Amino acid sequence: MGELRLMKGNEVIAEAAIRCGCDGYFGYPITPQSEVMETLMAREPWDETGMVVLQAESEVASINMVYGAAGSGKKVMTSSSSPGISLMAEGISYIAGAELPCVIVNVQRGGPGLGTIQPSQADYFQSTKGGGHGDYKLIVLAPASVQEMNDFVELAFQLAFKYRNPAMILSDGAIGQMMEKVELSDFQPRLTAEEIKARYGSWATTGKTADRDYNIVTSLEMDSAKMEHNNLRFQEKYRTMEEEEVRYEMIECDDADYVLVAFGSSARICQKSVDIARAKGLKVGLLRPITLFPFPKKSIAELAKRVKGFLTVEMNAGQMIEDVQLAVGCSGNNVPVKHFGRMGGIIPTPGEVAEALEQKLIGG
Amino acid sequence: MDLAEIIKPENLVYKKPNLLTNKTMHYCPGCSHGVAHKLLAEVIEELDIQEKTIGVSPVGCSVFAYNYISIDWQEAAHGRAPAVATGISRVNPDKVVFTYQGDGDLASIGTAEIMHACNRGENMVVIFINNAIYGMTGGQMAPTTLLGQVTATTPCGRDLERNGYPLKITELIGQLPGTSYVTRQSVHTPAASRKCKKAIKKAFENALAKKGTSFVEIVSTCNSGWRMTPVDANNWMEENMFPFYPVGDIKDAEKAGPEAFTKKN
Ligand SMILES: Cc1ncc(C[n+]2csc(CCOP(=O)(O)OP(=O)(O)O)c2C)c(N)n1
C-alpha cells in the first residue's frame with residue numbers, strides 16, 4: 001500500500017509529477033489550477049529529485065519551453081486551464097508535428113472567453129479533435145477522482161513516450177479543487193543523461209556525438225510528398241492508439257435498458273443518478289470513457305445492440321454526444337442518443353440527471 | 001597541377017569549417033545569413049563544443065539553419081525560440097544553447113519571449129539577424145524597418161503616423177540585468193566579419209562560463225527583400241542602417257546581474 005493522504009486534485013498532480021521522475025514543469029498561473037505550480041514550488045523538488053520548475057511569462061512561453069525540453073528527451077509537462085490551453089494551441093500542434101512526448105493538464109473552466117472560473121467540460125472538442133491547426137490528435141485521459149489525478153500522470157507519460165505524442169489530462173475545476181483520499185505512487189528516479197541518450201538518442205537533441213548523425217527536432221517539411229508521408233504516419237499512429245489504448249469503465253450496464261455516457265466529474269455525478277433511477281426500478285447503467293481519444297466507440301456500438309437509448313451527460317452544450325451518435329450510427333442500431341448538460345460553471349445534480357433521463361429518453 | 005598539389009598544408013590559409021555541412025544553402029546570393037552561419041560554425045568548432053551545443057532555429061529565412069551546421073537542432077515556432085531554448089537549457093544545464101532569430105521573429109511576434117528569457121538571464125546565446133525586413137514572407141515591414149523605408153506593406157515608405165518608430169530592441173535588451181554581453185555587429189566586410197566572429201566567440205565563452213544571456217545583433221542585408229543588388233544593399237546598409245543601428249558593444253559585463261555595466265552609446 002502506498003502512502004495515503006487527503007489532498008486536492010491539483011496538489012496531487014504536482015506530487016505525482018515529482019514521484020514519477022518528471023524532469024521539468026513549466027507553467028503560468030490560472031484559476032482553477034494554480035495549486036499545481038504552487039505545490040511544486042513549495043515542495044522544492046529541485047533539491048529532492050533535480051526536477052526543474054519554472055514560472056513562465058505566459059502559456060505561449062510555457063508550452064514552447066515544454067517543446068524545447070521534450071525535444072531533448074526529457075520527461076516534462078505543463079498545466080493550465082481553458083483560456084491558457086487556447087493560447088498553447090500553436091505550440092501543442094508543433095509538439096504533435098515534431099512527434100515529441102509531453103503531458104499537458106487542462107483543469108477546465110467555463111467559457112467562451114474569460115467565461116468563469118467554475119468547472120466545465122466545454123473543451124471536449126478542443127482536446128479530442130486536435131485543438132490547434134493541422135491533422136493531429138492528443139491522447140486524452142479524463143480523471144474522475146483525485147486518485148486518478150495521481151494515477152494518470154505516470155500513465156500519460158507512458159503513453160506519450162510510447163507513441164511520441166503529447167498526452168492531455170482533461171480534468172476540470174471540480175476534480176482539481178476537491179479533496180479526497182489518495183494513495184500516492186511510489187518514487188521513481190529520474191532518468192540519467194546516459195539512459196536518455198540510450199533510449200531517445202536516435203531523435204532527441206542530446207548533443208551530437210561521433211556515433212550518430214545530428215538530430216533535428218522539427219515539424220517542417222517543404223517536400224509535399226514527404227509531408228503527406230509524415231501525415232500518413234501520424235494517422236497510422238492514431239489508428240494504433242484506437243486499437244490498443246481505449247480505456248473505459250462500465251457500471252451496471254449488464255442488464256441496462258438505458259445507458260448514461262459521461263466522463264470526469266459528470267461521471268461521478270451519474271453514478272449517483274444510476275442509483276436514483278435503479279431505486280425507481282429503472283434499469284440504468286453508466287459508461288465512463290476514461291480515454292476521450294481514443295474514444296470507446298466499439299463498446300458503445302456493442303451496447304447499442306441491446307439498449308433502448310443513451311443519454312450523454314456533459315458540462316457543456318453537447319460535444320461528446322457527437323462521438324456517441326457516430327458510434328451508435330455506425331453500429332446500425334438506430335437507438336436514440338440524447339444530451340443533458342449544464343453550462344457556465346453549473347454542476348448538474350444527480351437528481352437532475354435522473355429526471356432528464358426520464359424526460360428525454362424514457363418518457364419521450 | 002591537381003588539387004592536392006595546390007592545397008598543401010603550408011599553403012592553406014582558409015577552409016570551410018568542418019561543421020558546415022555540404023548542403024547547398026537556400027539563401028539568396030548577397031544575403032548575410034550565410035556568413036553568419038559560417039562564423040557560428042567556426043566558433044563552435046574552435047571551442048570544440050559540437051557535442052554540447054544545441055541550436056534553436058526560428059521561423060524566417062533561417063528556419064533551415066539546421067540543414068547547415070552539424071549539431072543537434074530544434075526548430076521553434078515563430079518568435080518562440082527563446083522559450084524553446086529556455087526549456088532545453090533548464091533541463092540540460094551542461095549544454096550550450098543558442099537561438100538564431102530574425103527581426104520579425106525576435107522583435108515583433110516574439111518580443112515577450114526574448115525580453116523574459118534575457119531578463120531571467122537564461123544561460124544562452126542569442127544571434128539576432130536584423131535585416132530591417134521580413135525576408136521569408138516576401139519583404140514586408142519589420143519592427144526594425146527604418147522610417148521612409150519601402151517594403152511590401154509600406155509601399156510609400158514606413159510612415160511614422162501609421163507605423164510608429166523602428167524598434168531598437170538591442171538597446172532595450174542591454175538594460176536587462178540578466179544579460180552580460182550585448183553587442184551589435186555586421187558581416188559586410190572581411191574586417192567586420194572578423195569582429196563579429198570575436199563577438200560570437202565571446203558570447204559562447206560566456207555561456208560556457210555560465211554568465212547569463214549574451215546577445216549578438218548582426219545588422220544584415222536582405223538584398224532580395226530590399227530589391228537591390230548585393231553591392232547596393234551593402235552601401236544602403238552602411239548609409240542608412242548604421243547611423244540608426246550603430247555597430248559596437250552595448251554592454252560587456254563580467255557577469256549578469258543588477259550591477260552589470262551598461263555602456264552608453
Ligand atoms: C504564427 C506565424 N505567423 C506568421 C508566420 C509567417 N512568417 C513566416 S517568416 C515571417 C517573418 C520572418 O521575418 P524575420 O524574422 O525578420 O526573418 P527573415 O526571414 O527576414 O530572416 C513571417 C511573418 C508564421 N510562420 N507563423
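Only a predicted model underlies this, so the values are computations on that prediction, with no experimental measurement involved. Every chain begins its residue count from 1, and numbering advances along the sequence as written. Chains and ligands are labelled by the order in which they are written, letters from A for the one and numbers from 1 for the other. Local features are withheld for residues below a pLDDT of 70 in this predicted model, meaning they are given only at 70 or higher, and side-chain atom pairs are given and counted only at 80 or more; totals for whole chains, interfaces and linings count all residues. For side-chain calculations, the full set of non-hydrogen atoms in the structure is used, while hydrogens and water are omitted.

### Overview of the site of the ligand
Rules: If even one non-hydrogen atom of a residue comes within 4 Å of a molecule or strand, that residue is called near it. We call two N or O atoms a polar contact when they sit within 3.5 Å, provided that within protein one can donate a hydrogen and the other can accept it, with sequence-adjacent residues counted only if both atoms are side-chain atoms. Note that accessible areas follow from Shrake-Rupley with a 1.4 Å probe, and for residues the cover is restricted to the protein chains shown. Numbered from the N terminus, helices here are DSSP runs of H or I no shorter than four residues, and strands are runs of E no shorter than two. When residues are grouped by polarity, Ala, Val, Leu, Ile, Met, Phe, Trp, Tyr, Cys and Pro land in nonpolar, Asp, Glu, Lys and Arg in charged, and all others, Gly among them, in polar.
The ligand sits among 17 residues. The nearest are Cys61(B), Gly104(B), Asp105(B), Gly135(B) and Met136(B). Those chains with residues close to the ligand are chains A and B. The contact in question runs from an oxygen atom of the ligand to an N or O atom on the backbone of Cys61(B), over 2.8 Å. Measuring from an oxygen atom of the ligand, one finds a side-chain N or O atom of Asn131(B) at 3.1 Å. Here the ligand loses 76% of its free accessible area of 600 Å² to cover by the protein chains. For the shell around the ligand, the element with the most residues is helix H4 (residues 103–109) of chain B, which contributes 4 residues. Its residues placed into classes, the shell around the ligand shows 6 nonpolar, 8 polar and 3 charged.

### Side note on the packing of aromatic side chains
As a reminder of what qualifies: Pairing of aromatic rings covers Phe, Tyr and Trp, the last through its six-membered ring, and needs centres within 6.5 Å; plane angles under 30 degrees mean stacked, over 60 mean edge-to-face, and all others mean tilted. Each residue is placed in one exposure class: buried if its accessible area under a 1.4 Å probe, protein chains only, is under 20% of its type's maximum, exposed if it is over 50%, and partly exposed if it falls in between. For a ring to carry a charge above it, either NZ of a lysine or CZ of an arginine must fall within 6 Å of the ring centroid while also lying within 35 degrees of the normal to the ring plane.
A full pass over the atoms with the stated rule returns 13 aromatic pairs over all chains. Ring centres of Phe161(A) and Tyr200(A) lie 5.0 Å apart, and the angle between their planes is 35°; on these two criteria the pair is classed as tilted. Within this pair, whereas Phe161(A) is found in helix H7 (residues 146–163), its partner Tyr200(A) is found in helix H9 (residues 193–200), the two being separated by 39 residues in sequence. According to the relative accessible area criterion, Phe161(A) is buried, its value standing at 17%. Considering the side-chain rings of Phe244(B) and Tyr245(B), the 4.9 Å spacing of their centres and the 90° angle between planes classify their relative orientation as edge-to-face. With relative accessibility at 1%, the residue Tyr245(B) sits in the buried group. One aromatic cluster is present, built from ring pairs that chain together Tyr124(A), Phe125(A) and Phe263(A). The ring of Phe244(B) carries the charged tip of Lys168(B) above its face, separated from the ring centre by 4.3 Å. Directly above the ring of Tyr181(B) sits Lys202(B), whose terminal nitrogen or CZ lies 5.0 Å from the centroid.

### A few points about the packing of helix H3 (residues 81–91) of chain B against helix H5 (residues 111–120) of chain B
Residues and elements named next belong to chain B. Note the threshold: Only the stretch in contact is used when fitting a helix axis, every axis being a line fitted to C-alpha atoms; angles between N-to-C directions are given from 0 to 180 degrees. The contact definition used throughout considers only heavy atoms, calling two residues in contact when any of these lie within 4.5 Å.
Where H3 contacts H5, the axes come no closer than 8 Å and their chain directions differ by 35°. Together, Pro82, Ala83, Thr86 and Arg90 of H3 and Glu113, Ile114, Ala117 and Arg120 of H5 make up the contact between the two elements. Classifying every residue of the contact of H3 with H5 by side-chain character gives 4 nonpolar, 1 polar and 3 charged.

### Remarks on the sheet that holds strand S7 (residues 166–172) of chain A
Residue and element names in this part refer to chain A. Short version of the rule: Strands qualify as paired when DSSP identifies two bridges or more between them.
A sheet is described by the order of its strands in space; here 7 strands give the open sequence S3-S2-S4-S5-S7-S6-S13, paired in mixed fashion. Sheet topology places strand S3 (52–55) and strand S13 (291–293) at the edges, where each strand pairs with a single neighbour. Pairs of neighbouring strands in the sheet enclose a mean axial angle of 20°, with direction left out of account. Direction of pairing for strand S2 (residues 24–27) relative to strand S4 (residues 76–80): parallel, over a ladder of 2 bridges. Within S4, the residue paired with tyrosine 25 across the bridge is methionine 77. Each of S4, strand S5 (102–108), strand S6 (139–141) and S7 touches H7; the most contacted strand, S6, lies at about 170° to it.

### A look at empty space enclosed by the protein
Residue and element names in this part refer to chain A. Defined as follows: Grid points spaced at 1 Å and placed over the protein atoms alone form the basis of the search, with a cavity being a set where a 1.4 Å probe fits but cannot get out and a pocket an open set showing protein on both sides within 12 Å along at least five of seven lines. Lining residues have an atom within 4 Å of a point. Grid points are joined across faces, edges and corners, and a volume is the space filled by probe spheres set on the points.
Tallied over the full model, the rule gives 1 cavity of 30 Å³ or more. Surrounding the largest cavity, Ile85, Ala89, Ile92, Gln126, Ser127, Gly130, Gly131, Tyr136, Leu138 and Met168 form its lining. Secondary-structure elements contributing two or more residues to the lining of the largest cavity are helix H5 (82–97) and helix H6 (124–128). Examining the composition of the lining of the largest cavity, we find that 3 residues originate from one element, H5, more than from any other. In terms of residue class, the lining of the largest cavity is made up of 6 nonpolar, 4 polar and no charged.

### Digging into the state of the cysteines
As used here, a disulfide is simply a covalent bond connecting the sulfur atoms of two cysteines. Heads up, the condition is: For this text, the term disulfide refers to a pair of cysteine sulfurs within 2.5 Å.
Considering all chains together, one arrives at 0 disulfides over all chains under this definition. The thiol of Cys270(A) is unpaired, and the distance to the nearest cysteine sulfur, on Cys253(A), comes to 11 Å. Look at Cys270(A) and you get buried, because its relative accessible area is 0%. In this structure Cys28(B) is a free cysteine whose sulfur lies 6.3 Å from that of Cys31(B), the closest cysteine sulfur available.

### Digging into the UniProt feature "domain: Thiamine pyrophosphate enzyme TPP-binding" (unreviewed entry) in chain B
Where we set the bar: UniProt positions are given in the numbering used here, feature names are shortened, and annotations may be inferred rather than shown by experiment.
What UniProt calls "domain: Thiamine pyrophosphate enzyme TPP-binding" (unreviewed entry) maps, in this numbering, to residues 67–218 of chain B. With 38% helix and 24% strand, residues 67–218 of chain B has its two end C-alpha atoms placed 21 Å apart.

### A short note on the environment of Pro166(A)
Residue and element names in this part refer to chain A. Residue position: proline 166 is located in strand S7. Judged by its relative accessible area of 0%, proline 166 is buried. Along the sequence, proline 166 and serine 273 sit 107 residues apart, while their C-alpha atoms lie 34 Å from each other. Each residue touching proline 166, except ones within four places of it in the same chain, is listed here: Ile92, Ile95, Ala96, Leu100, Cys102, Ile104, Leu138 and Ile139.

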